[in-house]
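Chain residues, written in single-letter form:
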Amino acid sequence: MNRKLIDSIIEKIIFLCGIIAIVFVVLIFGFLLKEGFYFFKDYGVFKFVLGQYWYPSSSPAVFGVFALIIGSLLVTLGAALIAVPLGIMTALFISELAPKGVRDVLKSIVELMAAIPSIVLGFVGMVTLVPFIRTAFNIPTGLTAFSGSIVLAFMAMPTIVSISEDAIRSVPWSYKEGAYALGATKWQTIRRVVLKAAMPGIIAAVMLGIGRVIGETMAVLMVTGNASAIPTSIFDPVRTLTATIATEMGETVRGGLHYRALFAIGLVLFSITFIINFIADLFLNKNSKKG
Amino acid sequence: MVTKENDKITVENLNCFYSGKQVLKNLNLTVEKNEILSIIGPSNSGKTSFLRTLNRMNDMNVNFSREGNIYLDKENIFDMNPEKLRTRVGMLFAMPIPLPMSIYDNIAYAPRVLGLKNRKNMDEVVEQSLKDAYLWDEVKDRLNASAIKMSGGQQQRLCIARILAIEPEVILFDEPCSGLDPISTAKVEEAMLKLKQKYTIVLVTNNVKQASRVGTRTAFFLMGELVEVDTTKKIFVSPQNKKTEDYITGRFG
């Protein structure tokens, strides 16, 4: 066999591998779209998205996901409010302030956090966090959006910390030196030079962290109470889009309206994560073009 | 300490070490007001270490240690707040580092960060700094253009202007022309000669000819020791030390 032939075969194999990934995504999206489309045709898009009640087993069945969307967004927003400041500050501490020994230990602990299965986090949250929140805030149940936010913050932290830390560390030393040489203090340098230069990477880290949170199912299902009503405060039980699919898929009739409604929820989730990833991509690209 | 009226910086018995290895040996040297003191010498002669000690940039290196003292206007710099010191003793690096923002913002950056100027006279500060750095005529019509797109020589003069905006007393130049072509180099040198009317300048250079062109006085460093310091004319015409003569005539180094 001549070298040209081997070359072209390897090239085709690599091409095939690349194509397969795309094909899978397209197939998944197509499948979602197909089932969702049937549902939308039977039930109506607006009634679905803006409907406040989710009663799949009453007759006639009502499929309004608005409460679920609010539930998902509320839990995600809460998680972001906790995880983003904490994550960025941790990343700053690891890359700029910590002594070498502390830095290595911290970094491996953060990476270990990413390896904890979500169900374990949910389980620990259920037996420790939920009773704590119930007694601490003196509310009837500890299964609230707030509990979900805390558990999910733990899941988003490792992503946010490790990607932000990479971005902060890749700020050229010469930038910092230039700032110091102009008489800037360490804090001024971090705030006005380091954070500014690392900002696209940090934003991408936040987006990826949030993307992970919004798609999370089991952990959040275990601690949020699973009540499909529009919450009035963060101390109300909520149900998320993902939790709904996970709990109800087993009870549906294949091809039925309920079954297809769950696919429509999948479509909503897919759109949300797609938007988040798209925004993250924009920032990542902006970052790499600059360097 | 014996300082004369005209001395800006007095270095007294300075010894510097990196991880215990001595890089500067028992250095005694003065920098006079409004002069350009050129420091020449081969690599590893301690020129840059010396320069970075003058504004305490070495403080950030944990392996660095020193003995001896440096006085700026009779005040020991090691008793001063390092950030305050660096606003009085500015530093220019070999590689120009324009920040990824507009020309105007690059100049206004340090005064803003340090809270030195209010917004009203920022325009004047930017204009004056750019004029003093011999850059105003080339960029006055595009102050809002990105600084990254400037040529290397312009970037270096931009960095000079950026330092001038905080109005230091001393400017340290660390091989400022090492990456520049002869025409850009000439412009930076022209700026330096103009600047010495207002500022005191210490110039580290690998380019012996540059020292002869701009230096009021010239010091020759070798292996961490000060071999000789005198007026530039004397160093280049009749050096006292054989090693100095060998170096400037290009016999070694």
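Residues numbered from 1 in each chain as written. Chains lettered and ligands numbered in written order. Predicted model: local features only at pLDDT ≥ 70, side-chain atom pairs only at ≥ 80, totals over all residues. Heavy atoms only, no water.

We now examine the overall build of chain B. When you go through chain B residue by residue, the secondary structure sums to 10 helices and 10 strands. For 253 residues, the compact-globule formula gives about 18 Å, and the C-alpha radius of gyration of chain B, at 18 Å, lands near that figure. When the backbone C-alpha atoms are referred to their principal axes, chain B occupies close to 50 × 40 × 35 Å. By the burial criterion, 55% of the 253 residues in chain B qualify as buried. Pairs at least 24 apart in sequence give 67% of the contacts found in chain B among residues at least 6 apart. (Helix = DSSP H or I, 4+ residues; strand = E, 2+ residues; numbered from the N terminus. Rg over C-alpha atoms; globule rule 2.2 N^0.38 Å. Buried < 20%, exposed > 50% of the residue type's maximum accessible area, 1.4 Å probe, protein only. Contact = heavy atoms within 4.5 Å.)

In this section: the interface of chain B and chain A. The partner chain A presents 15 residues to the 21 residues of chain B that form the contact. Remark: the boundary between chain B and chain A carries 1 salt bridge. As a salt-bridge pair, arginine 52 of chain B and glutamate 177 of chain A come within 2.6 Å of each other at their nearest N and O atoms. Remark: the boundary between chain B and chain A carries 2 residue pairs in polar contact (both at pLDDT 80 or more). (Salt bridge = Lys/Arg side-chain N within 4 Å of Asp/Glu carboxyl O. Polar contact = N/O pair within 3.5 Å; in protein donor to acceptor, adjacent residues only side chain to side chain.)

We now examine the pattern of salt bridges. All names here are of chain B. Under the criterion given, the structure shown has 25 salt bridges over all chains. As a salt-bridge pair, arginine 56 and aspartate 59 come within 2.8 Å of each other at their nearest N and O atoms. Overall, arginine 56 belongs to the buried group, its relative accessible area being 11%. Under the relative-accessibility criterion, aspartate 59 is labelled partly exposed at 35%. The structure contains a network of salt bridges with shared partners spanning Lys8, Asp73, Glu75, Arg88 and Glu169.

Attention now goes to the packing of aromatic side chains. Summed over the entire model, instances satisfying the criterion amount to 19 aromatic pairs over all chains. Relative to phenylalanine 221 of chain B, the ring of phenylalanine 50 of chain B lies with its centre 5.5 Å away and its plane at 55°, an arrangement referred to as tilted. Of this pair, phenylalanine 50 of chain B sits in helix H1 (residues 47–54) while phenylalanine 221 of chain B sits in strand S9 (residues 217–222); the two residues are 171 residues apart in sequence, bridging distant segments of the chain. Taken together through their ring pairs, the aromatic side chains of Phe39, Phe40, Tyr43, Phe48, Trp54 and Phe63 of chain A make up a single cluster. Lying across the ring of tyrosine 43 of chain A, lysine 47 of chain A places its NZ or CZ 4.4 Å from the centre. A cation sits over an aromatic face here: arginine 66 of chain B above phenylalanine 78 of chain B, 3.4 Å from the ring centre. (Phe/Tyr/Trp six-rings, centres within 6.5 Å; stacked < 30°, edge-to-face > 60°. Lys NZ or Arg CZ within 6 Å of the ring centre and 35° of its normal.)

Turning our eyes to something else, we now look at the packing of helix H4 (residues 122–132) of chain B against helix H6 (residues 152–164) of chain B. All names here are of chain B. The geometry of H4 relative to H6 is characterised by a closest axis approach of 8 Å and an angle of 130° between their N-to-C directions. Considering their axes alone, H4 and H6 lie oblique with respect to each other. The handedness of the crossing between H4 and H6 comes out as right-handed. Seen from H4, the contacting residues are Ser129, Leu130 and Asp132; seen from H6, they are Leu158, Ala161 and Leu164. Classifying every residue of the contact of H4 with H6 gives 4 nonpolar, 1 polar and 1 charged. (Axes fitted to C-alpha atoms, helices over the stretch in contact; angles between N-to-C directions. Parallel < 35°, antiparallel > 145°, perpendicular 65-115°, else oblique. Left-handed = near helix turned anticlockwise from the far one by under 90°. Nonpolar A, V, L, I, M, F, W, Y, C, P; charged D, E, K, R; others polar.)

Now for unusual backbone geometry. All names here are of chain B. Phi is positive for arginine 56, close to 60°, though the residue is something other than glycine. Within the secondary structure layout, arginine 56 lies in the loop between H1 and strand S4 (64–72). For tyrosine 134, which is not glycine, the phi torsion reads 60° and is therefore positive. Tracing the backbone through its elements, the reader meets tyrosine 134 in the loop between H4 and helix H5 (136–139).

A separate point is the side chain of asparagine 15 of chain B. Tracing the backbone shows asparagine 15 of chain B in strand S1 (residues 7–18). Residue contacts for asparagine 15 of chain B: discarding those within four places in its chain leaves Gln22, Leu24, Lys25, Asn26, Ser65, Arg66 and Glu67 of chain B.

Looking now at the packing of helix H4 (residues 100–115) of chain A against helix H6 (residues 145–169) of chain A. Residue and element names in this part refer to chain A. Where H4 meets H6, the closest approach of the two axes is 8 Å, and the angle between their N-to-C directions is 135°. As the angle between them shows, H4 and H6 are arranged oblique. You can see that H4 and H6 cross each other, and the crossing is left-handed. Side by side, H4 and H6 meet where Arg103, Lys107, Val110, Met113 and Ala114 of the first sit next to Phe154, Met157, Pro158, Val161, Glu165, Asp166 and Arg169 of the second.

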